[in-house]
Structures are given as C-alpha cells and as structure tokens.
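Observations on the three-dimensional arrangement
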Amino acid sequence: MTDRYAVVGHPIAHSKSPLIHAAFAQATGQDIAYTAIEAPLDGFEATVRAFFEGGGRGLNVTLPFKLQACEMATDPSEAARLAGAANALKIDGDRLWAENFDGVGLVNDIQRNLGHAIAGKRVLLLGAGGATRGAILPIAAQGPAVLAVANRTAAKAHELRHDFAAQLALQTGGYDELAGEAFDVIVNATSAGLSGEALPLPAGLFAPGALAYDMVYGKGLTPFLRQAQAAGVAALADGVGMLVEQAAEAFVWWRGVRPDTRPVIAQLSVPLV
C-alpha cells in the first residue's frame, strides 16, 4: 500500500519538496506518494489533523507554519523546541512528533558536499531568526573554535546567547561589532537575499579560504554572495544543498532509508552568476 506524505505551506506552488522526495523514493524503492498542500493561513492545525486522520504518515512544514508545527506537537525534539520551530512531523498513535532538520541539513551540506570542516573553525551566522536558531546546535556539535551570531538588532542576537546558555557559549552582537574579526565559515541566515538588500558587513570579515554560504537558493549570486566575491572569496554556495539534505533527514526519519542526495542537488542547482 502506498504511504502518503506531503509538504504544507502558504504559498506552496513553488516548493521543490515533491520533486525531491519523488526522486528519493524512486532511487530507494520506497512506495510513497508525496504531494503539496496549501493550508489557509488560519487553518494549519485543521489541515494537519485532517491529513493524519486520513491516513497520512508524515509532513514537511514550510513557511509560515513552522512555529505552529512545533507548538501543536506532543513530542517536539530538543532541536525543534530550542528553535521554536519544526519542519517535519510524523504520527505515532495519538503522539505527534516534531523535528527540525534545517540545521542538520546545513551542516551536512557544508561538510559532506562542500568539503569545509567545521571543527576548530570560526563560524558566523548572520541573522537571529528561526533559521539561525535551528542551525546553532548542529553547528556547535561539530566543535567550532568560535560560533558567533550577528544581527542588525544586537539585542535579538543577545537573546539567543541567553536561550542557548545551557548548551554552549555563543558570541553575539551587532554587525558593527564584527569589525576586526575574521571567520572561516559565514552563513547568511537573513532574508536579505530575497529583497536584494546588502548587509552592512565590515571589511576583512572573510578569513583566507573562507566559505560564504547563503541559505537562499535558486537566485544565483545574492547580494551577500556578491559581497563575499568582491572580498576575494572563491568558495560560494547557496542553500540548495541544505534544502535537499534536510529533506533527506526527514526521509530517513520517516522511512529508515538514506537516499543519495548528490544527483538531486545537481538537478536543482543553478549557476552562481
């Protein structure tokens, strides 16, 4: 019997998740049907309950419902709870389990696909929203020498230092406080790339051999990546690998089988020009 999965969001027509999971299922021989569901902005919980009551097995969750997905879960993982957001759900009897795989997807892409080790390196996350929250623990687990968060409003970055104080020591502050520092891996987790806005970053921020990574994908050279390129950075990446890797983590969580992500990343990648 074919098992049903889906991604829920608003809007959802642009989602690559059905394509990604169809490719995973074909490559691994899994009998699943994966669709996209556009939930009303005021009807996310009702949509989720109807899907699972109708026999659905698992859901991916995208904007703007990740916070609600975490809130409605009976069993959110530590990653989801600390991020305050979930991007994957599954049902087990009367228990609704929630996970946040975005950060793991980011780490897997940086290390496995792009070949940049995090251990012992200086890592900077730009932005203090949900994307950064989801990335902090998976990055910290790799043993960076420094893990820093910078945000346009420094107070929001400092909130993260407080919220994660029991797990690690975060360096936090505003963009202006980065002057004189250099980092080996810099990840743009803001939405600036979608608005065409450049971030007010100080000169000298990229260490020799640094990786500049923008979570936005499919947009070519974003303003952040152009800034990095202008600073002499050769290793540039957008978030398509993160998208596929987080999908792979959900696939493993649901099906117990790990798909090969490389062909799908290659299929979805666009030139960074």
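The structure contained in this document is the topic of the report that follows. (Residues numbered from 1 in each chain as written. Predicted model: local features only at pLDDT ≥ 70, side-chain atom pairs only at ≥ 80, totals over all residues. Heavy atoms only, no water.)

A short note on the packing of aromatic side chains
Centre distance and the angle of the planes are the two values used to describe a pair of aromatic rings. Basically, it comes down to this: Only rings of Phe, Tyr and Trp enter the pairing, Trp through its six-membered ring, and a pair is recorded when the two centres are within 6.5 Å. The plane angle decides the type: under 30 degrees is stacked, over 60 is edge-to-face, the rest tilted. A run of DSSP states H or I qualifies as a helix once it reaches four residues; a run of E qualifies as a strand once it reaches two. Both are numbered from the N-terminal end. Only when the NZ of Lys or the CZ of Arg is both within 6 Å of the ring centre and within 35 degrees of the ring normal is a charge said to sit over the ring.
All told, the structure shown has 6 aromatic pairs when counted by the stated rule. For the pair Phe24 and Phe251, a centre-to-centre distance of 5.6 Å together with 70° between the ring planes defines the contact as edge-to-face. In this pair, Phe24 sits in helix H1 (residues 17-28) while Phe251 sits in helix H10 (residues 240-255), placing the two residues 227 residues apart along the sequence. Of note, Arg122 hangs over the ring of Phe183, and the distance from its end group to the ring centre comes to 4.7 Å.

What to know about the pairing of strand E5 (residues 88-92)
The line we're drawing: Note on pairing: DSSP must find at least two bridges between two strands before they are called paired.
Examined bridge by bridge, strand E3 (residues 58-61) and E5 share 3 bridges and lie antiparallel to one another. Paired with Gly58 across the two strands is Lys90, which belongs to E5. Judged from the 5 bridges that link them, E5 and strand E6 (residues 95-99) form a sheet pairing that is antiparallel. Bridge pairing links Leu89 to Ala98 in E6. Counted between consecutive antiparallel strands, the loop separating E5 from E6 contains 2 residues, among which Gly93 sits at a positive phi close to 65°.

A word on the packing of H1 against H10
Condition: To get an axis, a line is fitted to the C-alpha atoms, and for a helix only the part in contact is used. The angle between two axes follows their N-to-C directions and goes from 0 to 180 degrees. Between 65 and 115 degrees an angle is taken as roughly perpendicular, under 35 as roughly parallel, over 145 as roughly antiparallel, and anywhere else as oblique. By the definition used in this description, the sense in which the near helix is turned from the far one sets the handedness, with an anticlockwise turn below a right angle giving left-handed and a clockwise turn giving right-handed. Contact criterion: two residues are considered in contact whenever any of their non-hydrogen atoms come within 4.5 Å of each other. All amino acids are sorted into three groups, where Ala, Val, Leu, Ile, Met, Phe, Trp, Tyr, Cys and Pro are nonpolar, Asp, Glu, Lys and Arg are charged, and the leftover types, Gly among them, are polar.
The interhelical angle for the contact between H1 and H10, taken along N-to-C directions, is 55°, at an axis separation of 10 Å. Between H1 and H10, the crossing angle belongs to the class labelled oblique. Between H1 and H10 the crossing geometry is right-handed. On H10, the residues touching Ile20, His21, Phe24, Ala25 and Thr28 of H1 are Leu243, Val244, Ala247, Ala248, Phe251 and Trp254. The residue makeup of the contact of H1 with H10, split by class, is 9 nonpolar, 2 polar and no charged.

Some remarks on the sheet that holds strand E1 (residues 3-9)
Strand order in the open sheet formed by 6 strands is E2-E1-E3-E5-E6-E4, with mixed pairing between adjacent strands. Whereas interior strands pair on both sides, the edge strands pair on one side only; in this sheet they are strand E2 (32-38) and strand E4 (75-76). Contacts between H1 and the sheet are confined to E1, E2 and E3, with E2 contributing the most and set at about 175° to the helix. Sheet strands touched by H10: E1, E2, E3, E5 and E6. Its angle to E5, the strand with the most contacts, is close to 5°.

Focus: the sheet that holds strand E7 (residues 122-126)
Read from one edge to the other, the open sheet built from 6 strands follows the order E9-E8-E7-E10-E11-E12, with strand pairing classed as parallel. Because the sheet does not close on itself, it has two edges, and the strands there are strand E9 (171-174) and strand E12 (235-237). In this sheet, neighbouring strand axes are inclined to one another by 20° on average, regardless of whether the strands run parallel or antiparallel. Here strand E11 (residues 206-214) runs beside E12; their pairing, made up of 3 bridges, is parallel. Paired with Leu211 across the strands is Ala235, a residue of E12.

Here we look at the side chain of Asp3
What counts, and what does not: Summary of the burial criterion: residues with accessible area below 20% of their type's maximum are buried, those above 50% are exposed, and those between are partly exposed, where the area comes from a 1.4 Å probe applied to protein chains only.
With respect to the secondary-structure elements, Asp3 resides in strand E1. Asp3 gets classed as buried once you look at its relative accessible area, which sits at 15%. Setting aside anything within four residues of it in sequence, one finds Asp3 in contact with Asp31, Ile32, Ala33, Arg57 and Arg255.

Structural notes on the nonpolar core
The nonpolar side chains of a soluble globular protein tend to be buried, and buried together. What counts here: The criterion is simple. A nonpolar core is a set of buried Ala, Val, Leu, Ile, Met, Phe, Trp, Tyr and Cys residues joined through side-chain atoms within 4.5 Å.
Residues Leu106, Ile136 and Ile139 are the most contacted members of the largest nonpolar core, which totals 27 residues. Of all the elements in the fold, those that place two or more residues in this core are helix H5 (102-113), E7, helix H6 (130-140), strand E8 (146-151), helix H7 (154-163), strand E10 (183-188) and E11. In terms of residue count, the dominant contributor to this core is H6 (4 residues). For Leu106, the contacting residues outside a window of four places in its chain are Ala135, Ile139, Val187, Tyr213, Met215 and Met242.

Details of helix H9 (residues 223-230)
Of all the residues in H9, the buried ones are Pro223, Phe224, Leu225 and Ala228. Backbone geometry just after H9 places Gly232 at a positive phi near 95°.

Some details on the side chain of Thr261
With respect to the secondary-structure elements, Thr261 resides in the loop between H10 and helix H11 (262-268). On the accessibility criterion, Thr261 (9% relative accessible area) is buried. Among all residues touching Thr261, those that are not within four sequence positions of it are Phe24, Asn113, Val244, Glu245 and Ala248.

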